[in-house]
Amino acid sequence: LQNRTHLLQIYTSDPESAPHLISESNHTGVPLMVLVDAPSCCYYKLNVPNGVYTLATTFGQHDGILEPGCYCCFCSYREVKVLITKNTIRFNCPITMVPTKDDVFVSLDIGINFHIGREDATAEEDTKRFFYNFGPNRLEELLSEECDEGIRDFVRKIKVQRIRDIKSELTTELLESLKEKFMPYGVVIEQVNIMNVIIPRDLRIALMAATSFDVYLQKQVKEQEYRMLCINNNENKQVLKLQRDNMQLLFKLQHDGDVEEINLLNEEISQETDKIIKEIKAMKVRSTKIVDAENIKELAMRRAEAKATKVQKESEAYFQKQKLKADNEAEIIR
């Protein structure tokens, strides 16, 4: 587990050196703010650094936040009281001997990120509350107590075998609780992390063995599922192949039936066409014969008429000849 972070306040007589004092490494802890010793005389020139909230007083009364920049003739009745960092602070809070639901003691390494001041509009109020009513020591104490209490209450409901699986739930619940409790003091909790969870060595070995066995069982289950999947896939392939072959055979039979039906229809059409052609030819021959018979009849009638006319003419000529002969004979007789 990591060591608990100590939140410090340090002192200086030069306000301009505050950012450097806050940012430099300090083996005793993490500085949150720099208190400025009261000056013995007025400042000819005062440089207010950037990156910090600079709280000033006038005749001992709070006088707001000084904006970064250069101030000339800064009189002694006005003082730079404190400079509070704007940086995000990492607070490590290890918690040991935490009992679980099944009475196993575990240890957790908690990390909390926070900063001072909610936003620019409330920066003066937040820093004022933090400096005059809270401070680094009180913040460290309350953060440790709240983390310890929240972690123990939550872990007490969880069995040890699930303790590594509920980090996100634990950090979410703890983050909301810390935000609600520390916001009135101007402290904004950004993030809560659980870096490590330590359980007893014997139990850890047993859990690792159980986990390994579970992994082995899961692997066996996966292999069996894979084999069943392969078998099912092969069966499905065979079924699909049979279905495809049957469909192809059915299509072939249907195609052959369609071809036979088309051929039969063509044969019927061909026979019907031949029949019609024969009927047309027969009708043509019949018409030709009728025309020929009529022509022969007409020719015969013409010949008969011509012969009758000839016979009639011959008869008339013969009659006239006989009549003339008779008349001649009658004349002779007279």
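Residues numbered from 1 in each chain as written. Predicted model: local features only at pLDDT ≥ 70, side-chain atom pairs only at ≥ 80, totals over all residues. Heavy atoms only, no water.

Participant: How should I be thinking about helix H2 (residues 123-133) in this particular structure?
Facilitator: At 3.6 residues per turn, the α-helix brings residues three or four places apart onto the same side. Within H2, the full set of buried residues consists of Ala-123, Asp-126, Thr-127, Phe-130 and Phe-131. Buried residues in H2, looked at end-on, bunch into an arc of 120°, giving them a common side. Just downstream of H2, Gly-135 is the residue with a positive phi angle, here 90°. (Buried < 20%, exposed > 50% of the residue type's maximum accessible area, 1.4 Å probe, protein only. Helix = DSSP H or I, 4+ residues; strand = E, 2+ residues; numbered from the N terminus. Arc of directions from axis to C-beta.)

Participant: For this particular structure, what's the right way to read the sheet that holds strand E9 (residues 105-116)?
Facilitator: For sheets, the rule is that strands pair by backbone hydrogen bonds, running either parallel or antiparallel. The three strands lie next to each other as E8-E9-E10, forming an open sheet whose pairing is antiparallel. Only two strands of the sheet have a single neighbouring strand rather than two, namely strand E8 (89-99) and strand E10 (187-198). Taken pair by pair, the neighbouring strands of this sheet meet at an average axis angle of 25°, ignoring direction. Pairing geometry for E9 and E10, over ten bridges, is antiparallel. Paired with Leu-108 across the bridge in E10 is Val-197. Contacting E8, E9 and E10, helix H3 (residues 136-155) crosses the sheet at an angle of about 40° to E8. (Pairing = 2+ DSSP bridges. Axes fitted to C-alpha atoms, helices over the stretch in contact; angles between N-to-C directions. Contact = heavy atoms within 4.5 Å.)

Participant: Please explain the sheet that holds strand E1 (residues 7-12) as it appears in this structure.
Facilitator: Taken together, the five strands give an open sheet; going across it, the order is E1-E2-E7-E4-E5, and neighbouring strands pair in mixed fashion. Both edges of this open sheet fall to E1 and strand E5 (61-66), since each of them pairs with a single strand only. Pairwise comparison of adjacent strand axes, ignoring direction, gives a mean angle of 25° for this sheet. Those strands touched by H2 are strand E2 (30-36), strand E4 (52-58), E5 and strand E7 (78-85), and its axis lies near 130° from that of E5. Its contacts with the sheet place H3 against E1 and E2, and it is angled at close to 175° to E1.

Participant: Got a minute to help me understand the environment of Val-197 in this structure?
Facilitator: Locating Val-197 in the fold gives a position in strand E10. The sequence separation of Val-197 and Lys-167 amounts to 30 residues, and the corresponding C-alpha distance is 9.2 Å.

Participant: Please explain the packing of aromatic side chains as it appears in this structure.
Facilitator: In this description, an aromatic ring pair is defined by two values, namely the gap between the centres and the angle between the planes. On inspection of all chains with the given rule, the structure shows four aromatic pairs. Measuring from ring centre to ring centre gives 4.7 Å for Phe-131 and Tyr-132, while their planes differ by 65°; the resulting arrangement is edge-to-face. A relative accessible area of 16% places Phe-131 in the buried class. With relative accessibility at 40%, the residue Tyr-132 sits in the partly exposed group. Each ring, one from Phe-134 and one from Tyr-185, has its centre 4.4 Å from the other, and the planes form 10°; the classification is stacked. Taken together, the positions of Phe-134 in the loop between H2 and H3 and Tyr-185 in the loop between helix H4 (167-182) and E10 put the pair 51 residues apart, joining distant regions of the chain. You can call Phe-134 buried: its relative accessible area is 10%. For Tyr-185, a relative accessible area of 33% gives the class partly exposed. (Phe/Tyr/Trp six-rings, centres within 6.5 Å; stacked < 30°, edge-to-face > 60°.)

Participant: So what exactly am I meant to see when it comes to the side chain of Glu-140 here?
Facilitator: Inspection of the secondary structure puts Glu-140 in helix H3. Of the buried charged residues, Glu-140 lacks a salt bridge, with Arg-4 as the closest side chain of opposite charge at 5.6 Å. Within the structure, Glu-140 has its side chain in polar contact with the backbone nitrogen of Leu-7 (distance 3.0 Å). Ignoring anything within four residues of it in the chain, the contact list for Glu-140 reads Arg-4, Thr-5, His-6, Leu-7 and Phe-91. (Lys, Arg positive; Asp, Glu negative; His and termini not counted. Salt bridge = Lys/Arg side-chain N within 4 Å of Asp/Glu carboxyl O. Polar contact = N/O pair within 3.5 Å; in protein donor to acceptor, adjacent residues only side chain to side chain.)

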